[in-house]
Amino acid sequence: MDQFFHDAVLDARIRQHIRRTAWRLARTGLVPGMDSDDIEQDLFLDLWRRRVNYLPDKASFATFADRIIAHRAATLTYPTARLRGERRQVGLDRSADSGEGLTLAEVLADPGASDEVSLGLAMDLRRFVAGLTPALRTCCDILLAPNVRSATAQAGVHHSSFYENAHRLRQKAAAAGLREYLPQPRQIERRAGKWVP
């Protein structure tokens, strides 16, 4: 294995890939405190350490080396990219560029706030559930349970009765207009699986 690795590392393509990656990282300044030679040495040493994980039946050594080099380059540049992103952050109490003198917190929408559709759905569901029979309310509780089979057993409802009630519940929900809250299915012009010349 070591002999194979030694021969593969001497491959000009892998050495050139390491050099190009190191030069690119040094030129962009994404790895502070390291020049091209330092980065090249780091990439090579990481490849050397990970050589024991190479499996010849999975891929060529050049592919293995390419993945190791790419992952190490990403690891080297990650902290700097994160720090640059943090420096670009803007405080919420800073004035927004809206021209109205509002702060950024006042301009941004509250992600936790409900929109009109969600509020309408909540009101319609509350009204719908309030008009259900006790058997259909029990069916709703079973449908909300993480395990339908154990919930039907705990409620003392037979499986066939539950499925009948679920069918009736679906029909009543459609009649009450709750179907409009569901996303529309994609329309397929032709039947799936049927070949038409």
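Residues numbered from 1 in each chain as written. Predicted model: local features only at pLDDT ≥ 70, side-chain atom pairs only at ≥ 80, totals over all residues. Heavy atoms only, no water.

Q: What is the right way to read the state of the cysteines from this model?
A: Cysteine pairs can be covalently joined through their sulfur atoms, and such a bond is termed a disulfide. Scanning the model with the defined rule gives 0 disulfides in all. There is no disulfide at Cys139, and the cysteine sulfur nearest it, in Cys140, is 6.1 Å away. Classification of Cys139 by relative accessible area gives buried; the value is 2%. (Disulfide = S-S within 2.5 Å. Buried < 20%, exposed > 50% of the residue type's maximum accessible area, 1.4 Å probe, protein only.)

Q: Where do I start with helix α3 (residues 36–49) in this structure?
A: Since there are 3.6 residues in each turn of an α-helix, residues three or four apart along the chain are aligned in direction. Between its terminal C-alpha atoms α3 stretches 20 Å, which fits the 20 Å expected from 14 residues at 1.5 Å a residue. Listed as buried for α3 are Ile39, Asp42, Leu43, Asp46 and Leu47. In a view along the axis of α3, the buried residues occupy a sector of 130°, so they form one face of it. The outward face of α3, more than 90 degrees from its buried face, is lined by the exposed residues Asp37 and Arg49. (Helix = DSSP H or I, 4+ residues; strand = E, 2+ residues; numbered from the N terminus. Expected span 1.5 Å × (residues − 1). Arc of directions from axis to C-beta.)

Q: Please explain the packing of aromatic side chains as it appears in this structure.
A: What describes a pair of aromatic rings is the distance from one ring centre to the other and the angle between the planes of the rings. Tallying each qualifying case throughout the model produces 4 aromatic pairs. Aromatic pair Phe61 and Phe64: ring centres 5.7 Å apart, planes at 40°, arrangement tilted. In this pair, Phe61 and Phe64 are both assigned in helix α4 (residues 61–87), 3 residues apart and thus about one turn of the helix distant. Under the relative-accessibility criterion, Phe64 is labelled buried at 15%. An aromatic cluster of at least three residues, connected via ring pairs, comprises Tyr54, Phe61 and Phe64. Across the ring face of Trp48, the terminal group of Arg51 is positioned such that the distance to the ring centre comes to 4.0 Å. (Phe/Tyr/Trp six-rings, centres within 6.5 Å; stacked < 30°, edge-to-face > 60°. Lys NZ or Arg CZ within 6 Å of the ring centre and 35° of its normal.)

Q: How should I be thinking about helix α9 (residues 159–175) in this particular structure?
A: Over its 17 residues, α9 extends 24 Å from the first C-alpha to the last, a length consistent with the 24 Å expected when each residue adds 1.5 Å. Inspection of α9 places Phe162, Asn165, Ala166, Leu169 and Ala173 among the buried residues, and these make up the whole buried set. The buried side chains of α9 occupy one side of the element, clustering within an arc of 105° when seen end-on. Opposite the buried face of α9, by more than 90 degrees, sit the exposed residues Tyr163, Glu164 and Ala175. Immediately downstream of α9, the backbone of Gly177 shows phi near 90°, a positive value.

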